[in-house]
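# Summary of the model geometry
Single-letter residue listing:
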Amino acid sequence: MTGGLPGLLQPWGILLLALITSLIFVVAYRWHISNPQRPAAHLDVAAIALLAFLTGGFFWRPLTESATWMPAGGGDFASFYFPTYSYVAKQIKSGTIPLWNPHLFAGMPLAADVQTAMFYPINWILFLFVKVDLNNYGALEWLLIAHYWLAATFTYLFLRDTGLKRLGALAGGIAFAFCGFMVAHFGHLPMVPVATWIPLVLLALRRAYVRPGRTGWSWSIGAGLFLAMSLLAGHVQIFAYGLMAAGLLWVVLLLSRTRPDDGRWTMDDSSPSSIVHRPSSIVLWVAKGALTLAIALTIGAIQLLPSLELSAQSVRSSVSYEEASEFPAQPVTLLNLVLPTVYGSNPTNYAFGQWQTTENWGYCGVITLALAALGLVLRRGRMVAFFALLVALALIIMMGDLTIVGGWIYKFVPGFNKLRDSGRALLLLGFGLAGLAAYGLDALVAALGQLGQVRRNLMWWLVGVTGVLALAAFGVMPALYKDILVGGGTEYGRLPGAINDLGVAILWLALLAGVGWAAYRGRLQPTWAGALVLALLVLDIFSPNSRFNPTTTDVTAGFKHYDGISVIRHNMRDDRSGIPLRANSDTNVQDVWQPSSAALNGLYDTGGAWNPLKLARYDYLWHIANNNPDTPLYDLTGAGLQVISSTLDIHAGQSKWERVHKEAGFQIYRNKNVLPRAFLVHDAIVQSDPEKAVGALQRFEIEPRHTVILESGTPTPSKQPGTAEQGAPSSESVRATRYAPNDVDITVKATSPGWLALTDAWYPGWQATVDGHDTPIEPADYAYRAVRVGAGEHQVTMRFRPASWVWGRLISAVALLLSLVSLVALLLWPGFSG
């Protein structure tokens, strides 16, 4: 299978679908029996099945065409997540949890990288049971597509739980799951799973508020479990926005100082306005919120603690305000809320400057906007207020540095000083508008059957929709057409596309107005009118958004240079240390050669696909080395092969370089002077200044074959050659007997005391023993590792066992156990009612 998903319709895929379906039925049945009035739960199951059907319809191309890939251009999905998930799955199937990735960036923490979502339970279905390779790229697509259905389902359940009827809840689920943000960020894989859990967190949080006694506490625990799932799904920024949404709902409920006696559905789907209110306890609600947050953070400790440690060591350890304000969804970009393709129609096609289609594609449908306005007109209540405030909050955040609020959030809200791209608050905008639209459709159906003020308000809304439609159809459109007709052959840029978008928007609004007026005049039953409006919403959102990501261009082509990979594999062997040499593909060939190919093919690279969490020490050294390939500093990196563009001839006539392969787009050179990745030296100097240490290697002042640069300690001068130098005694050697993701075993034979240098990235979580005795690992040449050894033969063992992983795993296990035990105890308590 090269693209699409048909190959996944095999036993494991069918089993997963069966498990998910069974879970839905169990949850629906549990809620069904808990309600004395017995709601028609089978209709809700049918609605969830409809959402699955619509999800399949939205993704019809990758689901039915084997030569269709997602996303267009590949993006981070193909270049970063696909090789990473493939490597993780391979290691887990072999029985190893890969805490460290030795294949990219000279080695860096893997499990600590939150983007891998290694501890997200749903990902383990992929890691354990599905082969993720070039023949099954669709496995990752399938995993993500399933989350769109879950996002729609969870939103539907949340809105139903607030008292909305099925049509309104369906509208909200569809509007959120397939809004511009969710669709555009398909290429940023973890964003969608993180966002998926937000509605379920809000559902449980609200139930914790509306249900009394032990029942409320059980829902607080449930909210914590759902929030932990969102945290573990792998994207900090979207999790932070989810926390904002949960915090806003928590505040709205707290300030209301009242609670309904029951938040459950009723047989007749009675309006929330009929619910009786009574005073609630502020102290109790504060305690429940604290419990929810504590459960999420402690269960997520297995990811959170290692990630915090990595963040402090990475290039993302600090982010300037200017960087944090990049890619804002400023007012000029919000035009695509109405005209979806005005700035581009896919991730590779965007109009101008600092804005990118991926970061600013916010189209959620003109029908959604119209229904959201109706929700504000016809409905009052705290949930409408919550969604309206969420929209307002999103608009403020999205403005970036255009408002001072962005600066305050950056400076005073914990964690936001490490996040970029304020435009991603489009997530909150999409969810807020979806909620308002759900209330709007629900109010529309209810108002059509009523008289009095509600019906008069509906009339004014219909007049407004008709007015906007008339203005667009008879004012704006003729003016735009006139510009084109009068201009003749003048270049109009994106004006024709904008006219097309406006024409389609007019079509949807015209149909909406027609359905509304027909129902208002009594010529269409309210329920049928609501169903037709829902159909219009689906067509409106699906039409541009479903075309955003699919492509017939193979996004995995950059991994399929089989001859070049074979050449690298042959030339990477190094009998001097037994550890394979690295390739350097960090040479601006990413359009031809995928930068993380090494992880997919079991090779080793000095770089990889861009990662904001790459280690700062190594990044500093490598940036200088890569710009000076003819220096000892470059030779030290273990880059024995270099992949460069086939149009370059930068190594012609240089004895150090030998071309070993050439094909369309790239060529491969071998570095004859490269050092082995593990070697012994006897001479050591101390230099704590990284600029001076790296500069000395760059300027040929220090020969790394003979001397290791340490950050502290006592210099140990020696004239004895190291094992990487010419003239080294044959009685000395360095040989790796094991080189695995989390473990390295090296046998060292030395005639006098020295330092074992290993050019893998230094990181505080690595521990070493020499002949079974604990020995510190020193930073060597600023970015690498060195271990002190005495004369004689020694067994040096390095293990990656960071304390953050040990403690995080323990805290998560205890927290999960306590949460589940407490939840079961509350559920089984006599008199419990969900």
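Residue positions within a chain follow its written sequence, with the count starting from 1. The predicted nature of this model means local features are confined to residues of pLDDT at least 70 and side-chain atom pairs, given and counted, to a pLDDT of 80 or more, with totals for whole chains, interfaces and linings taken over all residues. With hydrogens and water excluded, all non-hydrogen atoms of the structure serve as input to the side-chain values.

This part covers the overall build of the chain. Starting at the N terminus, helices and strands are each numbered in turn, a helix being any DSSP run of H or I of at least four residues and a strand any DSSP run of E of at least two. Secondary structure assignment for the chain yields 29 helices and 19 strands. Two residues qualify as a contact provided that any one of their heavy atoms is within 4.5 Å of a heavy atom in the partner residue. Sequence-distant contacts in the chain: of pairs separated by 6 or more residues, those separated by 24 or more amount to 77%. Where accessible areas are quoted, they stem from the Shrake-Rupley method and a 1.4 Å probe; at the residue level, only the protein chains shown are allowed to cover. If you sum the accessible surface of the chain, you get close to 32600 Å²; carbon and sulfur atoms cover 63% of it.

With that settled, the discussion passes to the nonpolar core. Note on soluble globular proteins: their nonpolar side chains tend to be buried together. Ranked by size, the top nonpolar core spans 261 residues in total, and within it Met-182, Phe-386 and Leu-458 carry the most contacts. Excluding residues that lie within four positions of it along the chain, Phe-386 makes contacts with Leu-202, Ala-245, Leu-248, Leu-249, Val-252 and Phe-431. Ile-299, Ala-815, Leu-823 and Leu-826 belong to the second largest nonpolar core, which has 8 residues in total. Working definition of a nonpolar core: buried Ala, Val, Leu, Ile, Met, Phe, Trp, Tyr and Cys residues. They are joined through side-chain atoms within 4.5 Å. Three exposure classes are used, based on accessible area relative to the maximum for each residue type with a 1.4 Å probe and protein chains only: buried under 20%, partly exposed in between, and exposed over 50%.

Ring pairs shown here join Phe, Tyr and Trp side chains whose ring centres sit within 6.5 Å, with only the six-membered ring taken for Trp; geometry is labelled stacked below 30 degrees between planes, edge-to-face above 60, and tilted in between. On inspection of all chains with the given rule, the structure shows 41 aromatic pairs. Relative to Phe-542, the ring of Phe-178 lies with its centre 5.0 Å away and its plane at 65°, an arrangement referred to as edge-to-face. Linking Phe-178 in the loop between α7 (166–177) and α8 (180–184) with Phe-542 in helix α23 (residues 526–545), this pair joins segments that are 364 residues apart in sequence. As far as burial versus exposure is concerned, Phe-178 and Phe-542 are alike and both buried.

Here we take up the sheet that holds strand β15 (residues 766–770). One requirement defines pairing of two strands: DSSP has to find at least two bridges between them. With antiparallel pairing, 5 strands are arranged side by side in an open sheet as β12-β13-β19-β15-β16. At either margin of the open sheet sits one strand with a lone partner, and together these are β12 (733–739) and β16 (773–775). When the angles between neighbouring strand axes are averaged without regard to direction, this sheet yields 25°. Both strand β13 (residues 743–750) and strand β19 (residues 792–800) contribute to a ladder of 8 bridges, which runs antiparallel. For Asp-743, the partnering residue across the bridge sits in β19 and is Arg-799. Only the stretch in contact is used when a helix axis is fitted, and all axes are lines through C-alpha atoms; the angle between N-to-C directions ranges over 0 to 180 degrees.

Right, let's get into the pattern of salt bridges. Salt bridges are identified by distance alone: a Lys or Arg side-chain nitrogen within 4 Å of an Asp or Glu carboxyl oxygen. Evaluated as defined, the whole model comprises 22 salt bridges. Asp-619 is the salt-bridge partner of Lys-614, the closest N and O atoms lying 3.1 Å from each other. A network of salt bridges, in which partner residues are shared, links Arg-738, Asp-743, Asp-745, Arg-799 and Arg-801.

Attention now goes to the environment of Pro-704. One can find Pro-704 in the loop between α28 (690–698) and β11 (707–710). Residues Pro-704 and Asp-635, 69 residues apart in the sequence, show an inter-C-alpha distance of 8.7 Å. Apart from residues no more than four positions distant in its own chain, Pro-704 is found in contact with Pro-632, Leu-636, Leu-675, Phe-679, Val-681 and Leu-697.

With that out of the way, let us pick up the pairing of strand β7 (residues 657–663). In this sheet, strand β8 (residues 666–671) lies alongside β7 in antiparallel orientation, the contact comprising 6 bridges. Opposite Lys-662, over in β8, you have Gln-667 as the bridge partner. Hairpin geometry of β7 and β8 is characterised by an intervening segment of 2 residues between the two adjacent antiparallel strands and by a positive phi of about 100° at Gly-665.

As summarised here, the arrangement of the 4 strands in space is β5-β6-β8-β7, forming an open sheet in which the pairing is mixed. Among the strands making up the open sheet, the edge pair consists of β5 (582–584) and β7. Strand after strand, the sheet turns through a mean of 25° between neighbouring axes, direction not considered.

Attention now moves to unusual backbone geometry. Note the cis peptide between Met-70 and Pro-71, where omega equals -5°. On the secondary structure map, Pro-71 appears in the loop between α3 (60–64) and α4 (75–93). One non-glycine residue, Ala-117, lies in the positive phi region at around 50°. Mapped onto the elements, Ala-117 comes out in the loop between β2 (108–109) and α5 (123–129). The exposure class of Ala-117 is buried, given its relative accessible area of 0%.

Another point: empty space enclosed by the protein. Over the atoms rolls a probe the size of a water molecule, and in doing so it shows where empty space is left. A pocket here means an open set of points on a 1 Å grid, computed over the protein atoms alone, that has protein on both sides within 12 Å along at least five of seven lines. A cavity is instead a set of points where a 1.4 Å probe fits but cannot get out; residues with an atom within 4 Å of a point line either one. Grid points are joined across faces, edges and corners, and a volume is the space filled by probe spheres set on the points. For the structure shown, the criterion picks out 9 cavities of 30 Å³ or more. Approximately 160 Å³ is the volume attributed to the largest cavity. Around the largest cavity sit 15 residues that line it, and Ala-324, Gly-406, Ile-409, Phe-416 and Ser-422 are the ones nearest its centre. Within the lining of the largest cavity, the residues separate by chemical class into 8 nonpolar, 5 polar and 2 charged. There is about 100 Å³ of room inside the second largest cavity. Along the walls of the second largest cavity sit Phe-80, Thr-84, Asn-101, Leu-104, Phe-105, Met-108, Pro-109, Leu-110, Asp-113, Thr-116, Ser-596 and Asn-611, which together make up its complete lining. Of all the secondary structure elements, the ones that give two or more residues to the lining of the second largest cavity are α4 and β2. Ten residues, namely Ala, Val, Leu, Ile, Met, Phe, Trp, Tyr, Cys and Pro, are considered nonpolar, four, namely Asp, Glu, Lys and Arg, are considered charged, and the remaining ones, Gly among them, are considered polar. For the lining of the second largest cavity, the residue count by class is 6 nonpolar, 5 polar and 1 charged.

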